[in-house]
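Okay, here's what each chain looks like letter by letter:
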Amino acid sequence: MRHGGTWWRISRIAENDFRLTWKERSVVIWIFLMPLAFMFFFGLSFRGPSAGGRPKASLTVDNKDPGSLSPRLLDLLRLEHIDLRDSSLAGEEVVRTLEIP
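Presented here is a report on the structure given in the accompanying data block. Just so you know, these numbers come straight off a predicted model, no measurement behind them. (Residues numbered from 1 in each chain as written. Predicted model: local features only at pLDDT ≥ 70, side-chain atom pairs only at ≥ 80, totals over all residues. Heavy atoms only, no water.)

Assigned secondary structure in the chain consists of three helices and three strands. Taken across its 101 residues, the chain has 11% of its residues classed as buried. Taking the intrachain contacts of the chain between residues at least 6 apart in sequence as the baseline, contacts between residues at least 24 apart amount to 71%. Surface accessibility of the chain: about 8,900 Å² in total, with carbon and sulfur atoms responsible for 62%. (Helix = DSSP H or I, 4+ residues; strand = E, 2+ residues; numbered from the N terminus. Buried < 20%, exposed > 50% of the residue type's maximum accessible area, 1.4 Å probe, protein only. Contact = heavy atoms within 4.5 Å. Areas by Shrake-Rupley, 256 points an atom, 1.4 Å probe, with all protein chains shown as cover.)

As structure tokens, this is what we get:
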């Protein structure tokens with residue numbers, strides 16, 4: 001590698017910049033600690049509902065299928081925190097209905 005080449009100059013500038021950056025003590029805080037603090041804060045702020053949390057949506061189900069697939073479908077919907085309601089219950093406001101023939 002020659003001493004007057006472009007890559008040599010670039011590496012010398014990068015080395016000098018790196019050396020000057022690490023002279024400051026606050027660099028450790030801003031490069032290592034603050035990103036971890038931000039990840040922790042935003043992770044707590046935007047996490048999804050917990051297992052015992054409020055359901056995302058309610059769905060009225062009119063299940064007329066005596067087979068084994070419809071209960072499996074309903075179990076998968078419950079795993080997605082969807083509140084399933086029986087269509088035979090009267091007196092509740094029905095917003096959306098899933099009819100399984």
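Take R85: it is sitting in strand β2 (residues 82-86). Sequence separation of R85 and D62 is 23 residues, and the distance between their C-alpha atoms is 8.8 Å. A polar contact of 3.1 Å, which involves the side chain of R85, links it to the side chain of D83. (Polar contact = N/O pair within 3.5 Å; in protein donor to acceptor, adjacent residues only side chain to side chain.)

For H81, which is not glycine, the phi torsion reads 60° and is therefore positive. Here H81 lies in the loop between α3 (69-79) and β2.

Of all hydrophobic cores here, the largest spans six residues; its members are L59, V61, L74, L77, L84 and I100. At the level of elements, β1 (57-63) and α3 are the ones that each hand at least two residues to this core. Residues contacting L84, with those up to four places away along its chain left out, are L59, V61, L74, L77 and R78. (Core = buried A, V, L, I, M, F, W, Y, C linked by side-chain atoms within 4.5 Å.)

In this section: the pattern of salt bridges. Per the stated rule, a full pass over the model turns up five salt bridges. Residue D62 pairs with K64 through a salt bridge whose shortest N-O separation is 3.6 Å. Across the pair R85 and D83 runs a salt bridge whose closest N-O atoms are separated by 3.1 Å. Judged by its relative accessible area of 30%, R85 is partly exposed. (Salt bridge = Lys/Arg side-chain N within 4 Å of Asp/Glu carboxyl O.)

Another point: the side chain of T60. Looking at the element boundaries, T60 is found in strand β1. Excluding its chain neighbours within four sequence positions, the residues that come into contact with T60 are R85, D86, S87, V94, R96, T97 and L98.

Turning our attention to the pairing of β1. Regular strands have side chains that alternate between both faces of the sheet. Relative to β2, β1 runs parallel, the two being bridged by five bridges. Its bridge partner being in β2, A57 is matched across the sheet by I82. Each parallel crossover has a hand, and for β1 linked through α3 to β2 it is right-handed. (Pairing = 2+ DSSP bridges. Right-handed = clockwise from strand over helix to strand, strands pointing away.)

With that settled, consider a nonpolar patch on the surface. A surface patch of nonpolar side chains, about 820 Å² in accessible area, is lined by F18, W22, V28, I29, W30, I31, F32 and L33. At six residues, the largest contribution of residues to the nonpolar patch is made by helix α2 (residues 26-45). Relative to the assigned elements, W22 resides in helix α1 (residues 6-23). (Patch = residues over 30% accessible without salt bridge, like charges linked within 9 Å, V, L, I, M, F, W, Y side chains within 5 Å.)

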